[in-house]
Amino acid sequence: MPKSAKAKAAEHVPPPLPEPLAVPVADAHTHLDMQSGTVEEALEKAAAVGVPRVVQIGCDVARAHWAVKVAAEHPDAIWAAVALHPNEAPRIEAEEGPAALDAALAEIAELAASPHVRAIGETGLDYYRTGEEGVAAQRRSFRAHLRLAKELDKALVIHDREAHADVLRLLKEEGAPRRTVFHCYSGDAAMAEVCADEGYFLSFAGNVTFRSAQPLRDALAVAPPELLLVETDAPFLTPAPFRGRPNAPYLIPVTLRAMAEVKGMDEAELGRHVAANTERVFG
């Protein structure tokens, strides 16, 4: 049945502000440059509900420059992460050649040296959007980011989509950085146990609230609290019951409360773990 004009209009209305968190936590992964409104408005709304800091992801060269700039302008509220997204690496190589990919990786490395950059990411592997012809470029880019994170002793933020086995294999082959984060964790409970054994951090986004996401909730259930982070990946993955409407850092409380329910933990108890973990990773 076609949606009414009223229903379509409602999809563009931002969700209301949730009740503030008992313990402040950070949004471990967001894209302020893809959201409506100003950075200052986003930060103000987030702080009002107990989200005083966000990790801004720069996932191509231009966005990485922007991430460093905005983090420098808001040092108390924004940490930057920079990298070439797994789908960006094969695009560059296909359109401009291997030398262009090398140049882009070198530019990311230069930006990554900034004190405002607390992580290398999001990098990794994405076999959902990139076919066989782009896998080699993705793997080369991922290895380069892995080495950069270790060289600079900064956290590594991983994008892993339909590539679990290869992501874990390359981490093993290269040797993982001291602080490794699976952004928007997408594996099952068995993989969560493997990650926990390796000391990898698992960051859960709003999709953990989706009705179809029981495997994610199973993974969250077995993940140790001392390895958990929370994120929005805004403007994507808006948590239920607001799915389909714009996501933003101020909706972190919705996801954190859903996570606490899955873990059978008090919201404040989980919040203390997540806040401490975020500081360990990015601080």
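Reading the values: the criteria
- Each chain has its residues counted from 1, running along the sequence as written.
- Where totals are concerned, whole chains, interfaces and linings use all residues; where local detail is concerned, this predicted model gives features only for residues with pLDDT of at least 70, and gives and counts side-chain atom pairs only at 80 or more.
- Each side-chain value is derived from all of the structure's non-hydrogen atoms; neither hydrogens nor water enter the calculation.
- By definition, any uninterrupted DSSP run of H or I lasting at least four residues is a helix, any uninterrupted run of E lasting at least two residues is a strand, and each is numbered from the N terminus.
- Here the globule rule is a power law, 2.2 Å times the number of residues to the power 0.38, and the radius of gyration is based on C-alpha atoms.
- Relative accessibility under 20% of the residue-type maximum defines a buried residue, over 50% an exposed one, and the middle range a partly exposed one, all with a 1.4 Å probe and only protein chains included.
- In this description, contact between two residues means that some pair of their heavy atoms is separated by no more than 4.5 Å.
- Areas reported as accessible are Shrake-Rupley estimates using a 1.4 Å probe. Residue values count occlusion only from the protein chains shown.
- Charge assignment in this entry is limited to Lys and Arg as positive and Asp and Glu as negative, and neither His nor the chain termini are counted.
- For this purpose, a charge sits on NZ of Lys, CZ of Arg, CG of Asp or CD of Glu.
- The salt bridge definition used is simple: a Lys or Arg side-chain nitrogen within 4 Å of an Asp or Glu carboxyl oxygen.
- N or O atoms closer than or at 3.5 Å make up a polar contact, with two conditions inside protein: a donor-capable atom paired with an acceptor-capable one, and, for residues adjacent in sequence, both atoms drawn from side chains.
- To pair, rings of Phe, Tyr and Trp, with the six-membered ring standing in for Trp, must have centres within 6.5 Å; the planes then decide the type, stacked if under 30 degrees apart, edge-to-face if over 60, and tilted in the middle.
- UniProt positions are given in the numbering used here, feature names are shortened, and annotations may be inferred rather than shown by experiment.

You'll find the protein entered in an unreviewed UniProt entry as TatD family deoxyribonuclease, with Streptomyces sedi given as the organism.

A. Looking closely at the overall build of the protein. The helix and strand inventory of the protein stands at 11 helices and 8 strands. At 18 Å, the protein has a C-alpha radius of gyration in line with the 19 Å of a compact globule built from 283 residues. Seen through its C-alpha atoms, the protein measures out along the principal axes to roughly 50 × 45 × 40 Å. Across the 283 residues in the protein, those meeting the buried criterion constitute 55%. A sequence separation of at least 24 residues applies to 75% of the contacts in the protein between residues at least 6 apart. In the form shown here, the protein has an accessible surface area of approximately 12,200 Å², with 54% of it arising from carbon and sulfur atoms. The average position of the 29 basic charges and that of the 41 acidic charges among the side chains of the protein differ by 3 Å.

B. Molecular detail of the side chain of Asp 126. When you line up the elements, Asp 126 lands in strand E4 (residues 117-126). Here Asp 126 is buried and forms no salt bridge, its nearest opposite-charge partner Arg 129 lying at an N-O distance of 4.3 Å. Polar contacts involving the side chain of Asp 126 include one to the side chain of His 159, which spans 2.8 Å. Sequence-distant contacts of Asp 126, that is, excluding residues within four places in its chain, are made with His 85, Pro 86, Asn 87, Gln 138, His 159 and Arg 161.

C. The pattern of salt bridges, seen in detail. On inspection of all chains with the given rule, the structure shows 17 salt bridges. With its nearest N and O atoms 2.8 Å apart, the salt bridge here joins Glu 198 to Lys 172. Separated by 26 residues along the polypeptide, Glu 198 in helix H8 (residues 189-198) and Lys 172 in helix H7 (residues 164-174) bring together distant segments of the chain. Bridged by salt links that share partners, the residues Arg 139, Arg 143, Arg 147, Asp 166, Arg 169, Glu 173 and Glu 174 form one connected network.

D. Summary view of helix H4 (residues 88-96). Listed as buried for H4 are Glu 88, Ala 89, Pro 90 and Ile 92. Lining the buried residues of H4 we find helix H5 (98-112) and helix H6 (132-152).

E. Seen up close, the packing of aromatic side chains. Taken as a whole and judged by the stated rule, the model has 3 aromatic pairs. For the pair Trp 79 and Phe 282, a centre-to-centre distance of 6.1 Å together with 35 degrees between the ring planes defines the contact as tilted. Within this pair, whereas Trp 79 is found in strand E3 (residues 78-82), its partner Phe 282 is found in helix H11 (residues 267-282), the two being separated by 203 residues in sequence. Summarising the burial analysis for this pair, Trp 79 and Phe 282 share the class buried. On the basis of an interplanar angle of 40 degrees and a centroid distance of 5.8 Å, the ring pair of Phe 182 and Tyr 200 is categorised as tilted. Separated by 18 residues along the polypeptide, Phe 182 in strand E6 (residues 180-182) and Tyr 200 in the loop between H8 and strand E7 (201-204) bring together distant segments of the chain. Accessibility assignment for this pair places Phe 182 and Tyr 200 in one class, buried.

F. Structural context of the UniProt feature "binding site: a divalent metal cation 1" (unreviewed entry) in the protein. Under the UniProt annotation, "binding site: a divalent metal cation 1" (unreviewed entry) lies at His 29, His 31, Glu 122 and Asp 233. Spatial clustering of the annotated residues is evident: they stretch over 205 residues in sequence, but the largest pairwise C-alpha distance comes to 11.0 Å. On the secondary structure map, His 29 appears in strand E1 (residues 27-30). Beyond its immediate stretch of four places on either side in the chain, His 29 contacts Val 55, Ile 57, Glu 122, Val 157, His 183, Glu 231, Thr 232, Asp 233 and Ala 234. You can see Asp 233 is positioned in the loop between strand E8 (228-230) and helix H10 (252-263). Exposure remark for Asp 233: the relative accessible area of 10% places this residue in the buried category.

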